[in-house]
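What follows is the residue order along each chain.
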Amino acid sequence: MKIEQIYTGCLAQGAYYIVSNGEAVIIDPLRETQPYIERLEKDNVKLKYIFETHFHADFVSGHVDLSKKTNAPIVYGPTAKPEFEAIIAQDGQIFEIGKIKIKVLHTPGHTMESSSFLLIDENGKEKALFSGDTLFLGDVGRPDLAQKAVNMTQEELAGLLYDSLYQKILPLDDEIIVYPAHGAGSACGKNMQKETVDTLGNQKKTNYALNQKDKESFIKAVTEGLLPPPSYFGMNVEMNKKGYESFDEVLSKGLHALSPEEFEEMAEHSGALILDVRNNENFAKGFVPQSVNIGLDGDFAPWVGALIVDVKQPILLITDENNEEETVTRLSRVGFDNVLGFLKGSFEAWKSSGKEIDKVHRISATDFEKEIENKEVKIIDVRKESEYEAEHVDEAYNKPLAYINEWINHIEPTEHFYLHCAGGYRSMMAASILLARGYRNFTEIEGGFNAIAKTDVPKSNFVCQSKVLK
């Protein structure tokens, strides 16, 4: 038997590849299926089942494409109603794969169809739990995402989650290995550990949600401090439930090379968003006017979902050369399939053609220190609230990037301000959006708060973020 966790950092997502005696299963596969096909061929095994823990909200699964290419059936837990052919398992149903078995545990609460899969090895021992979004390491799945679909409050869903955990999962043996669907950084939970594998016994000791005195305190603990879910979540659920365009077709359409002239004409007539995925340092030095920067070198896919929102939005890409396929792939993982093409030769081709360019007014942290000395200035910190509360520049306003569409309209265009995040990744996104909407009277700080912290700019007293989050 072999269990392989295939972890994708930018999504904080774990897919699982399990092999036993010539047969395999894949749990919660990513959108692009070729890596799985290659694994199956290399191991000379047949894919018997594709297990889905639930209808995912934060990414588009590869279940539909993978089933078409391998003829392996898709398996959901009880109550799931996909709009394509699938096996809807019963609670407790056993599936045999080679010499092992997988038992379906219906664990509603995060969503109504949410299920965990218990692996029983060739000796009949319960060995591993693939817990989906029901149980994370350090946390449990947020119980507010399915409210509209089932007409239940988040408190009612949290009560179901409590029953699932305390009746189905906590009675299992402490030695069982927990393989969750997500880790730290995912918006599907609020307090996840950075580790991606643990024993159930250790989670019983360390997971706050599993150490509540009663159901009422559990409900309060897991619903407290939940941030609004990203707006694209519902669209991803629909794609996972109804099906989607083949990834191969999405990739083929997106890899349409455009000259600067073709790129400009398409931008003017298609209503496409120009998405520049180069790093923030290069973007600051020059970019195509009206383009938005979301760097491929950070939490790219979640930020695309949070800032662009509409998965049907037409997109034109500017990438570093040879990063086009990677960018289209990562966009497709969160359902942004409508890529019309990319700028051939990247930004240098645009610049060489003599077309208009734009730049971000960026200064170093040391220059920032000199400029604000003994002056009253406005400073906007676009980090998360918990980062701001841990430590910030005195008198700075906290305007998290995730809410830019709400606070941008309250900016006074005639009033200059300084803009920063932690290291430059998020503040450059904010800067590009501000410029695209006509706000130009600001200065972005290179290196963000990490660089500012090394100066004598007045700052609040540091508070450990673990305390802030409690």
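Residues numbered from 1 in each chain as written. Predicted model: local features only at pLDDT ≥ 70, side-chain atom pairs only at ≥ 80, totals over all residues. Heavy atoms only, no water.

By the naming in an unreviewed UniProt entry, the chain goes by Probable polyketide biosynthesis zinc-dependent hydrolase BaeB and is assigned to Chryseobacterium indoltheticum.

### As for the overall build of the chain
Helices and strands together make up the secondary structure of the chain, namely 19 helices and 22 strands. Computed over its C-alpha atoms, the radius of gyration of the chain comes to 24 Å, within 12% of the 23 Å expected for a compact globule of 470 residues. Overall, the chain is about 70 × 50 × 40 Å in size when its C-alpha atoms are taken along their principal axes. Across the 470 residues in the chain, those meeting the buried criterion constitute 55%. Long-range pairs, those at least 24 residues apart, make up 69% of the contacts in the chain with a sequence separation of at least 6. Here the chain has roughly 20400 Å² of accessible surface; of this, 46% comes from carbon and sulfur atoms. Side-chain charges of the chain comprise 50 positive and 73 negative groups, with the mean position of each set lying 3 Å from the other. (Helix = DSSP H or I, 4+ residues; strand = E, 2+ residues; numbered from the N terminus. Rg over C-alpha atoms; globule rule 2.2 N^0.38 Å. Buried < 20%, exposed > 50% of the residue type's maximum accessible area, 1.4 Å probe, protein only. Contact = heavy atoms within 4.5 Å. Areas by Shrake-Rupley, 256 points an atom, 1.4 Å probe, with all protein chains shown as cover. Lys, Arg positive; Asp, Glu negative; His and termini not counted. Charge placed at Lys NZ, Arg CZ, Asp CG, Glu CD.)

### Overview of the sheet that holds strand β13 (residues 257-258)
Ordered in space as β13-β17-β16-β14-β15, the 5 strands form an open sheet in which the pairing is parallel. Two strands lie at the open edges of the sheet, namely β13 and β15 (292-293), each paired on one side alone. In this structure, strand β14 (residues 273-276) lies alongside β15, joined through 2 bridges in parallel fashion. Within the sheet, the bridge partner assigned to Asp 276 lies in β15 and is Asn 293. (Pairing = 2+ DSSP bridges.)

### Some details on the domain arrangement of the chain
Interfaces are often sized by the amount of accessible area the parts lose when they come together. When cut into domains, the chain gives domain 1 (2-235), domain 2 (245-353) and domain 3 (362-467). One C-alpha centre belongs to domain 2, the other to domain 3, and the line joining them spans 26 Å. Of the roughly 1300 Å² buried between domain 2 and domain 3 on both sides combined, carbon and sulfur atoms contribute 66%. In terms of surface lost to domain 3, no three residues of domain 2 exceed Asn 280, Trp 303 and Leu 307, which account for 43% of the buried area on that side. (Domains from an automatic or database assignment. Buried area = accessible area lost by both parts, 1.4 Å probe.)

### A few points about the nonpolar core
Counting residues in each nonpolar core, the largest one holds 81 residues, and the members touching the most others are Leu 275, Ile 294, Phe 300 and Leu 419. Considering every element that reaches this core, the biggest residue donor is helix α17 (residues 425-436), with 8 residues. Ignoring any residue separated from it by four or fewer positions in sequence, one finds Leu 275 in contact with Val 292, Ile 294, Phe 300, Val 304, Ile 308, Ile 315, Leu 316, Leu 317, Ile 318 and Leu 331. In terms of nonpolar packing, the next biggest core, distinct from the first, is built from 21 residues, Val 140, Ala 158, Leu 170 and Phe 218 among them. (Core = buried A, V, L, I, M, F, W, Y, C linked by side-chain atoms within 4.5 Å.)

### Quick look at empty space enclosed by the protein
One pass over the structure, following the stated rule, counts 1 cavity of 30 Å³ or more. In this structure, the largest cavity occupies an estimated 30 Å³ of space. Here the lining of the largest cavity is built from residues that sort into 5 nonpolar, 2 polar and 3 charged. (1 Å grid on protein atoms, 1.4 Å probe; cavity = no way out; pocket = protein on both sides within 12 Å on 5 of 7 lines; lining within 4 Å. Points joined across faces, edges and corners; volume = space filled by probe spheres on them. Nonpolar A, V, L, I, M, F, W, Y, C, P; charged D, E, K, R; others polar.)

### Let's talk about the pattern of salt bridges
Within the structure shown, the criterion is met by 21 salt bridges. For Asp 163, the salt bridge goes to Lys 215, with nearest N and O atoms at 3.3 Å. In this pair, Asp 163 is assigned in helix α4 (residues 154-169) and Lys 215 in helix α6 (residues 215-223), connecting sequence segments 52 residues apart. According to the relative accessible area criterion, Asp 163 is partly exposed, its value standing at 22%. (Salt bridge = Lys/Arg side-chain N within 4 Å of Asp/Glu carboxyl O.)

### Structural notes on the pairing of β14
Of the two faces of β14, the one holding Leu 273 and Leu 275 and the one holding Ile 274 and Asp 276 are both buried throughout. Direction of pairing for β14 relative to strand β16 (residues 315-318): parallel, over a ladder of 4 bridges. If you follow Leu 275 over to β16, its bridge partner there is Leu 317. Between the parallel pair β14 and β15, the chain is carried across by helix α10 (residues 280-285), and the sense of this crossover is right-handed. (Right-handed = clockwise from strand over helix to strand, strands pointing away.)

### Some thoughts on the sheet that holds strand β21 (residues 417-420)
Sheet strands pair via backbone hydrogen bonds, and the direction of the pair is either parallel or antiparallel. Read across the sheet, 5 strands follow the order β18-β22-β21-β19-β20 without closing on themselves; strand pairing throughout is parallel. Looking along the sheet, the strands with just one partner apiece sit at the ends: β18 (362-363) and β20 (397-398). In this sheet, strand β22 (residues 442-445) lies alongside β21 in parallel orientation, the contact comprising 3 bridges. Looking at the pairing, Leu 419 lines up with Glu 444 of β22. Across the face of the sheet, α17 comes into contact with β18, β21 and β22 while running at roughly 135° to β21. (Axes fitted to C-alpha atoms, helices over the stretch in contact; angles between N-to-C directions.)

### Examining the packing of helix α8 (residues 247-254) against helix α12 (residues 324-332)
Where α8 meets α12, the closest approach of the two axes is 10 Å, and the angle between their N-to-C directions is 135°. Taken together, the axes of α8 and α12 lie oblique to each other. Every pair of crossing elements has a handedness; the one defined by α8 and α12 is right-handed. Taken together, the residues of α12 that come into contact with α8 (itself represented by Phe 247, Val 250, Leu 251 and Gly 254) are Glu 325, Val 328, Thr 329 and Ser 332. Counted by class, the contact of α8 with α12 contains 4 nonpolar, 3 polar and 1 charged residues. (Parallel < 35°, antiparallel > 145°, perpendicular 65-115°, else oblique. Left-handed = near helix turned anticlockwise from the far one by under 90°.)

### Considerations on the packing of aromatic side chains
On inspection of all chains with the given rule, the structure shows 17 aromatic pairs. Seen from their ring centres, Tyr 49 and Phe 95 are 5.1 Å apart, and the 75° between their planes marks the pair as edge-to-face. With Tyr 49 in strand β4 (residues 46-51) and Phe 95 in strand β7 (residues 94-97), this pair connects stretches of sequence that are 46 residues apart. For Phe 95, a relative accessible area of 4% gives the class buried. Taken together, the ring pairs connect Tyr 49, Phe 51, Phe 95 and Phe 117 into an aromatic cluster. Geometry around Tyr 244 places Arg 31 over its ring, the cationic atom sitting 4.5 Å from the centre. (Phe/Tyr/Trp six-rings, centres within 6.5 Å; stacked < 30°, edge-to-face > 60°. Lys NZ or Arg CZ within 6 Å of the ring centre and 35° of its normal.)

### A closer look at the state of the cysteines
Applying the stated criterion across every chain yields a total of 0 disulfides. No disulfide involves Cys 10; its sulfur sits 14 Å from the nearest other cysteine sulfur, which is in Cys 188. Classification of Cys 10 by relative accessible area gives buried; the value is 13%. (Disulfide = S-S within 2.5 Å.)

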